[in-house]
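Now for the letters of each chain:
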Amino acid sequence: MLRQTSRLLARSIATTQQPIRLMGARPMSTNMPATPVEDSTFAASWKKVAPHIDPPKTPSAFMKPRPSTPSAIPSKITVNFVLPYASQLTSKEVDMVIIPATTGQMGVLPGHVPTIAELKPGVLSVHEGNDVKKYFLSSGFVFVHANSVADIVVVEAVPVDRIDQNLVQKGLADFTQKLSSATTELEKAEAQIGIDVHSALSSALAG
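Residues numbered from 1 in each chain as written. Predicted model: local features only at pLDDT ≥ 70, side-chain atom pairs only at ≥ 80, totals over all residues. Heavy atoms only, no water.

The name given to the chain in an unreviewed UniProt entry is ATP synthase subunit delta', mitochondrial, and the organism recorded there is Salix viminalis. Of the comments in the UniProt record for the chain, the one headed Sequence similarities (unreviewed entry) reads "Belongs to the ATPase epsilon chain family." On record in UniProt, under Subunit (unreviewed entry), the comment for the chain is "F-type ATPases have 2 components, CF(1) - the catalytic core - and CF(0) - the membrane proton channel. CF(1) has five subunits: alpha(3), beta(3), gamma(1), delta(1), epsilon(1). CF(0) has three main subunits: a, b and c." (UniProt positions renumbered as here; feature names shortened; annotations may be inferred.)

So, in structure tokens, the structure goes:
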């Protein structure tokens, strides 16, 4: 599905708050120590069974210390916006980003609760003062960290001002026709993906 969405997008381009902890759930990363802490109970039990062998290492033992959470909410949010083949924004400090999550539009400000969200075809808006830069995204994920850093990882993206409206309308009409004539579930699914992507592109241009 991701490859299909990316191909459709490429054809439509002109020119080229605190985490909630559920009962019984494991603690979130922001509640964990900044540096790995050895489980003394496990180490003691291990030594009883195998006194001449060091306890095994867990994945957390090899992780870098996580960034500290600021004591005060910063005035800016730091954004890293990357594609498989390029980096659009690197450590860019902005006022806000609005992200097309599968659950709806999500505004991310400094101090946002740590979040992982899946992205759907739609518009990413990057707000810096009075300047607003808009990108159309095909799909991906956003990782919002407790230290007001947002990592946006997408399959394909393009500035909205590079999208050709005529190609979008033509693509929407073509896939609407394909859906009406589809005879298999695969053909219907591919046509529906095409309609969804081109509808999102059309909405991006209208907005």
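1. Focus on helix α3 (residues 165-181)
Residues lying three or four places apart along an α-helix face the same way, a consequence of the helix completing one turn every 3.6 residues. Here α3 spans 25 Å end to end across 17 residues, near enough to the 24 Å set by a 1.5 Å rise per residue. Looking at α3, one finds that the buried residues are V168, G171 and F175. What you see down the axis of α3 is that its buried residues fit within an arc of 65°, all on one side. In α3, the exposed residues that point more than 90 degrees away from the buried face are N166, K170, Q177 and S180. At the N-terminal boundary of α3, the capping side chain belongs to D164, with an oxygen 2.9 Å from the backbone nitrogen of N166. (Helix = DSSP H or I, 4+ residues; strand = E, 2+ residues; numbered from the N terminus. Expected span 1.5 Å × (residues − 1). Buried < 20%, exposed > 50% of the residue type's maximum accessible area, 1.4 Å probe, protein only. Arc of directions from axis to C-beta. Polar contact = N/O pair within 3.5 Å; in protein donor to acceptor, adjacent residues only side chain to side chain.)

2. Re unusual backbone geometry
The phi angle at S91 is positive, at roughly 50°, despite the residue not being glycine. Within the fold, S91 resides in strand β2 (residues 87-94). Located in the positive-phi region is S148, a residue other than glycine, with phi close to 60°. Following the sequence through the fold, S148 ends up in the loop between β8 (140-144) and β9 (149-154).

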